[in-house]
Amino acid sequence: MKALFLILLAQLGSASLVPDREKDPEYWRGQAQETLRAALRLQRLNQNVAKNLILFLGDGMGVSTVTAARILKGQLQNHKGEESLLEMDKFPYVALAKTYNTNAQVPDSAGTATAYLCGVKANEGTVGVSAGVTRDRCNTTKGQEVTSILRWAKDGGKAVGIVTTTRVTHATPSAAYAHSANRDWYSDGEMPPDALEGGCKDIARQLVENIPDIEVILGGGRKYMFPKNASDVEYPHEDKHRGTRLDRRDLVQAWHDAKPPGKVAKYVWHRRDLLALNLSRVDFLLGESWHPRVPRPQPCALGDPWPVPGCWGSWSGQLPPGDAGIPKGCWYLQGCPTPGMLAKQALHEAVELDRAIGLAARLTSPQDTLSVVTADHSHVFTFGGYTPRGNPIFGLAPMQSDVDRKPFTSILYGNGPGYKIVAGERENVSAVDFAHANYQAQSAVPLRQETHGGEDVAVFARGPMAHLLHGVHEQNYIPHAMAYAACIGSNRAHCNAAGRPAAAASILLPFLALLFLLC
């Protein structure tokens with residue numbers, strides 16, 4: 001053990017690990033003074049009314065994921081990584097949010113989504129309802145529905161949108177528009193008879209009916225919109241992609257039919273259809289890919305075209321011709337940076353989400369746009385092992401276990417399918433390709449699926465009233481602070497007539513550059 005630590009100390013003391021500028025104390029003093037000057041400038045609080053609200057949600061993006069993504073970003077740019085800055089790191093205000101559900105210490109995505117979108121803590125597994133609703137009990141739902149900041153923004157005359165890398169009926173985005181005793185009731189084909197007989201609606205139906213004038217919806221989960229056994233438009237011969245609806249309704253057609261006369265609504269399922277649209281003549285856009293979870297992109301180098309949800313292809317990050325502004329609106333954008341112990345995919349996706357945040361920052365002004373970045377919960381993801389400066393984030397720790405004498409990767413999970421025993425012992429990672437995109441990091445406890453983590457998550461904020469997000473908050477505080485900034489929802493007494501935001505623009509063209517971002 002002593003020899004291992006001596007080797008480690010020798011590595012840490014190696015001059016090659018330390019950039020020359022960091023050897024000079026003046027470098028650190030100058031950096032600290034610049035940070036101090038920036039902090040002093042924050043004493044002049046931005047109390048403008050927020051014309052736009054943007055909420056970026058990294059599903060499962062705990063603090064350890066953020067840190068590891070920061071290192072990866074730097075290493076993709078051929079730096080050591082630790083000194084790098086994510087775009088969200090540049091936001092001037094940071095808070096912590098407590099993620100527990102009303103009946104769960106370690107939360108699920110449904111209860112947390114209800115908190116940060118609807119402003120009310122709820123039970124695990126329930127969406128858009130109060131804690132008075134019991135999971136799976138349809139008859140407890142009536143009168144317990146709670147509305148989201150998307151609804152508040154719509155009532156305030158704003159354009160609204162949802163962009164997600166998962167199905168649009170998934171627990172995380174569905175709290176923006178749905179009220180359900182079970183997060184898994186994607187279509188009526190997934191609902192039990194008693195719930196159908198009790199009059200509860202499936203989530204896909206609520207997407208179409210509850211807030212029919214959402215301007216932009218992009219994500220996955222196409223099959224929940226079509227009649228049971230209806231062939232998929234892209235994969236007509238594959239049974240697993242067939243429609244699931246027992247009521248035989250075509251909800252895409254219902255979405256079209258619900259639009260006001262004279263308004264143009266377009267449905268697309270492929271990138272080529274999207275690119276063929278004349279966006280200056282489109283008022284409403286619905287895009288759904290085939291898979292319940294939109295396929296994730298392969299890890300790519302910084303500077304490549306932006307991956308966007310599933311079949312939507314790439315976006316150059318350039319504003320369309322014409323109006324360079326962003327219409328007054330409320331946008332909810334979700335990525336999934338921690339999928340099932342595939343750490344390489346997870347962290348690359350977190351970096352892509354951060355690139356989206358950076359582009360949104362360049363397309364908007366902090367004088368009139370409040371941007372918030374947070375997570376619904378954490379995962380049992382960690383990295384450690386006394387790795388030296390600049391160690392590849394997906395690499396090995398510089399030491400072997402002093403128990404089984406085997407190497408281990410810096411990234412590990414507390415539980416999950418990465419628990420592997422070979423010949424009665426822990427798998428030797430030197431015998432596998434631990435740098436592969438599909439490598440499952442080792443875990444301490446065997447589970448078929450890795451669990452969420454229960455610690456607080458970070459909340460990054462920039463723009464009008466961003467200073468309201470500070471310290472440690474209950475997660476349900478987030479939409480209340482955002483609504484206060486935009487003069488929507490229940491807290492409007494501070495808003496005077498001159499400061500009230502105007503009605504939303506009616507065309508999609510100016511803001512699609514902002515929306516097509518998530519990987």
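From a predicted model like this one, the values you see are computed outputs, not experimental measurements.

Chemist: When you look at the overall build of the chain in this model, what are you seeing that I'm missing?
Modeler: Counting its secondary structure elements, the chain contains 13 helices and 21 strands. By the burial criterion, 53% of the 519 residues in the chain qualify as buried. When contacts within the chain are restricted to residue pairs at least 6 apart in sequence, those whose partners lie at least 24 apart make up 72%. Here the chain has roughly 21600 Å² of accessible surface; of this, 53% comes from carbon and sulfur atoms.

Chemist: When you look at the side chain of H473 in this model, what are you seeing that I'm missing?
Modeler: Its place among the elements puts H473 in strand β21 (residues 471-474). Judged by relative accessible area, H473 falls into the buried class, the value being 13%. At 2.2 Å, the side chain of H473 forms a polar contact with the backbone oxygen of H470.

Chemist: Sorry, what's going on with the layout of surface pockets here?
Modeler: Leftover empty space is mapped by rolling, across the atoms, a probe with the size of a water molecule. Reported here for the largest pocket is a volume of approximately 650 Å³. Around the largest pocket, the lining comprises 28 residues; the ones closest to its centre are A38, L42, K90, F91 and P92. Considering every element that reaches the lining of the largest pocket, the biggest residue donor is helix α2 (residues 25-41), with 7 residues. Of the residues in the lining of the largest pocket, the class split is 13 nonpolar, 6 polar and 9 charged.

Chemist: Before we go on, may I ask you to explain the environment of V160 in this structure?
Modeler: When you line up the elements, V160 lands in strand β3 (residues 159-167). Between the alpha carbons of V160 and D213 there is a distance of 8.4 Å; along the sequence they are 53 residues apart.

Chemist: Would you take a moment to explain the environment of G189 for this structure?
Modeler: Structurally, G189 can be placed in the loop between α6 (171-174) and α7 (193-197). Taking the C-alpha atoms as reference, G189 lies 5.3 Å from R245; in sequence the two are 56 residues apart. Ignoring any residue separated from it by four or fewer positions in sequence, one finds G189 in contact with T244 and L246.

Chemist: Would you take a moment to explain the pairing of strand β20 (residues 457-462) for this structure?
Modeler: Counting buried residues along β20, 6 of its 6 residues qualify, which places the element largely inside the surrounding structure. Burial of the side chains of β20 extends over both faces: V457, V459 and A461 are buried on one face and A458, F460 and R462 on the other. Here 4 bridges tie strand β10 (residues 369-375) to β20, and the two strands are oriented antiparallel to one another. Bridging from a neighbouring strand, V372 pairs with A461 of β20.

Chemist: Would you mind going over the sheet that holds strand β15 (residues 411-416) with me for this structure?
Modeler: Whenever strands of a sheet pair, they do so through backbone hydrogen bonds, lying parallel or antiparallel. Ordered in space as β12-β15-β18, the 3 strands form an open sheet in which the pairing is mixed. Among the strands making up the open sheet, the edge pair consists of β12 (381-383) and β18 (443-446). In this sheet, neighbouring strand axes are inclined to one another by 20 degrees on average, regardless of whether the strands run parallel or antiparallel. By the bridge criterion, 3 bridges tie β12 to β15 in an arrangement that is antiparallel. Of the residues in β15, the one forming a bridge with F383 is I411.

Chemist: Please explain the packing of aromatic side chains as it appears in this structure.
Modeler: By convention here, two paired aromatic rings are described through the distance between centres and the angle between planes. Evaluation of the coordinates by the stated rule reveals 3 aromatic pairs. The lysine or arginine in question, K121, covers the ring of Y100, its NZ or CZ lying 3.6 Å from the ring centre. Seen from the ring of Y186, R167 lies directly overhead, with NZ or CZ sitting 4.5 Å from the centre.

Chemist: Any chance you could explain the nonpolar core here in plain terms?
Modeler: Grouped burial of nonpolar side chains is what soluble globular proteins tend to show. Counting residues in hydrophobic clusters, the biggest one holds 88 residues, and the most contacted among them are L53, F56 and V372. Tallying contributions element by element places helix α12 (residues 477-486) first for this core, with 6 residues. Residues A68, L72, F381 and I393 belong to the second largest nonpolar core, which totals 17 residues.

Chemist: Quick question: what am I supposed to make of the pairing of strand β13 (residues 396-400) here?
Modeler: Pairing analysis gives 2 bridges linking β13 to strand β14 (residues 407-409), with the strands arranged antiparallel. By the bridge assignment for β14, Q400 is matched with P407.

Definitions and limits used
Residues numbered from 1 in each chain as written. Predicted model: local features only at pLDDT ≥ 70, side-chain atom pairs only at ≥ 80, totals over all residues. Heavy atoms only, no water. Helix = DSSP H or I, 4+ residues; strand = E, 2+ residues; numbered from the N terminus. Buried < 20%, exposed > 50% of the residue type's maximum accessible area, 1.4 Å probe, protein only. Contact = heavy atoms within 4.5 Å. Areas by Shrake-Rupley, 256 points an atom, 1.4 Å probe, with all protein chains shown as cover. Polar contact = N/O pair within 3.5 Å; in protein donor to acceptor, adjacent residues only side chain to side chain. 1 Å grid on protein atoms, 1.4 Å probe; cavity = no way out; pocket = protein on both sides within 12 Å on 5 of 7 lines; lining within 4 Å. Points joined across faces, edges and corners; volume = space filled by probe spheres on them. Nonpolar A, V, L, I, M, F, W, Y, C, P; charged D, E, K, R; others polar. Pairing = 2+ DSSP bridges. Axes fitted to C-alpha atoms, helices over the stretch in contact; angles between N-to-C directions. Phe/Tyr/Trp six-rings, centres within 6.5 Å; stacked < 30°, edge-to-face > 60°. Lys NZ or Arg CZ within 6 Å of the ring centre and 35° of its normal. Core = buried A, V, L, I, M, F, W, Y, C linked by side-chain atoms within 4.5 Å.

So, to be careful, I would describe these as geometric facts and stop short of saying anything about function.
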